[in-house]
Amino acid sequence: MAAYSAPPSEVLLSKRVQEMVLHGEEPLGPYICRSGEDNDGKEDIMDTSPIPIIDLNLLSSSTTSDNEREQELEKLRSALSSWGCFQGIGHGIQTSFLDKIRQVSREFFKQPMEEKNKYAKSVDDFQGYGADPVPEQGQSLDWSDRLFLEVFPEDRRKYNPWPQIPISFREVLEDYSEKMKMVTEITSKAMAKSLKLDENCFLEQFGKQAQLHARFNYYSPCQRPDLILGLKPHADGTGYSIILQDEVGLQVLEDGKWYTVPKDPTALFVLMGDQMEVMSNGIFKGLVHRVVSNSERDRISVAMFYTPELGKEIGPEDDLVNMDRPRIYKKVTDYAETHWKFYQRCLRALHTAHI
Ligand SMILES: O=C(O)CCC(=O)C(=O)O
Ligand SMILES: [Fe+2]
């Protein structure tokens, strides 16, 4: 095979994918990563998705009968232990508001490069517009651009990288963040109850200063979707993540097969990150997922990453450790940092938390 010397990552990442698309550049040479490399392109993709659907209203409303609540909690436990994710409905957020956040996200990415670059981050930063921090040499590029912002705790919120155009962006994101905080409360309590634990136990592990980060992803159309992914396969380093999408593209790995998350404008897709797997002593599964690229349409998603407070030690709930299920994971602090070091090498960090 001819030796190919890829330009340094800093050079690759100095250009936005949106800019490459404008200039008609294709994902060739150093950009290629396609997962088909590992399996000769013979991937098992299931398009009709049996991804579990959970009605959050049944889990939290005082009007739900005990029986209905118990049934939904059991559905939740089963969904998170097999799939590690669910399509969340009944969350109480109006679809018109979900459309608003989708709309401001699109409007931001639609602007000329000069405007977006006002919020550009350096290749090593997290917050701002651009690609992820520099991956290790030789790793592939994702066919997407991002805007990454910290929203909670509020005293870590820095408004300079928050777009001023569209003008409603800030207000909509503030409102959305409050609503997401509410969803994390309902979800964390329900997850605890589904395991017959004290309902506040996970919330306490996340801590009062739990972090919530917003990542707006923009997936440009791609002339060679066979060669490059919108986002490479990975598990999130979060506790869990809540994803809002406008088009299909997100796929989840279950039992060796990729399933497409269906488009449902009313739903929030909730997926377990590695830290929930640790806190549940391996009962809930951190989900491997990816985004495929598409030659015709673009796509946006807004991912909210819910992660334990900085510096807070988390670990398996004591009541989930017993003779039948010995402790699988040790206590970890700031796991998200370890996650990033491995992510940049296209690896998962979960083994570092194994006993
Ligand atoms: O775009 C999506 O649907 C998923 C995004 C995602 O997995 C991430 O930002 O970590
Ligand atoms: Fe992710």
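Residues numbered from 1 in each chain as written. Chains lettered and ligands numbered in written order. Predicted model: local features only at pLDDT ≥ 70, side-chain atom pairs only at ≥ 80, totals over all residues. Heavy atoms only, no water.

(A) Structural view of the UniProt feature "domain: Fe2OG dioxygenase" (unreviewed entry) in the protein. Those residues carrying the UniProt feature "domain: Fe2OG dioxygenase" (unreviewed entry) are residues 208-308 in this numbering. The span residues 208-308 is 6% helix and 48% strand, and its two end C-alpha atoms sit 9 Å from each other. (UniProt positions renumbered as here; feature names shortened; annotations may be inferred. Helix = DSSP H or I, 4+ residues; strand = E, 2+ residues; numbered from the N terminus.)

(B) Spatial organisation of the coordination of the iron ion (ligand 2). Protein coordination of the iron ion (ligand 2) is provided by His-234 (NE2), Asp-236 (OD) and His-289 (NE2), with donor distances spanning 2.1 to 2.2 Å. Positions of the donor residues of the iron ion (ligand 2) along the chain correspond to the pattern H-x1-D-x52-H. Across this residue pair, the class does not change: His-234 and Asp-236 are buried. (Donors = N, O, S within 2.8 Å, 3.2 Å for Na, K, Ca; no water. Buried < 20%, exposed > 50% of the residue type's maximum accessible area, 1.4 Å probe, protein only.)

(C) Representation of the nonpolar core in the model. Core analysis: the largest hydrophobic core is formed by 66 residues, its most contacted members being Tyr-176 and Phe-216. Leave out the neighbours within four places in its chain, and Phe-216 touches Ile-101, Ser-105, Phe-109, Asp-145, Arg-146, Leu-147, Leu-149, Phe-169, Leu-173, Ser-301 and Val-302. Among the nonpolar cores identified, the runner-up in size contains 19 residues, and Cys-85, Tyr-219, Leu-271 and Tyr-343 belong to it. (Core = buried A, V, L, I, M, F, W, Y, C linked by side-chain atoms within 4.5 Å. Contact = heavy atoms within 4.5 Å.)

(D) Layout of the packing of helix H5 (residues 66-82) against helix H8 (residues 169-194). Running from N to C, H5 and H8 point in directions that differ by 90 degrees, and their axes come no closer than 9 Å. Regarding the angle of H5 to H8, the classification is roughly perpendicular. Contact residues: H5 offers Leu-73, Leu-76, Arg-77 and Leu-80, while H8 offers Ala-190, Met-191, Lys-193 and Ser-194. Taken together, the residues of the contact of H5 with H8 break down into 5 nonpolar, 1 polar and 2 charged. (Axes fitted to C-alpha atoms, helices over the stretch in contact; angles between N-to-C directions. Parallel < 35°, antiparallel > 145°, perpendicular 65-115°, else oblique. Nonpolar A, V, L, I, M, F, W, Y, C, P; charged D, E, K, R; others polar.)

(E) Local environment of the packing of helix H6 (residues 95-110) against H8. Orientation of H6 relative to H8, taken along the N-to-C sense of each, is 135 degrees, at an axis distance of 10 Å. The orientation of H6 with respect to H8, classified from their angle, is oblique. The two elements H6 and H8 meet at a crossing, and its hand is left-handed. Between H6 and H8, the residues in contact are Phe-97, Leu-98, Lys-100, Ile-101 and Val-104 and Phe-169, Val-172, Leu-173, Asp-175, Tyr-176 and Lys-179, respectively. Considered class by class, the residues forming the contact of H6 with H8 number 8 nonpolar, no polar and 3 charged. (Left-handed = near helix turned anticlockwise from the far one by under 90°.)

(F) The confidence of the model for the protein, seen in detail. In the predicted model, the protein carries a mean pLDDT of 89, and the fraction of residues at 70 or more is 87%. Considering only residues more than four positions removed or in separate chains, one finds that residues 1-6, a stretch of pLDDT under 50, has 4 contacts. Confidence over residues 32-42 falls short of pLDDT 50; this stretch has 20 contacts with residues more than four positions distant or in other chains. Both confidence scores are given for the complex: pTM 0.91, ipTM 0.99. (pLDDT = per-residue confidence, 0-100.)

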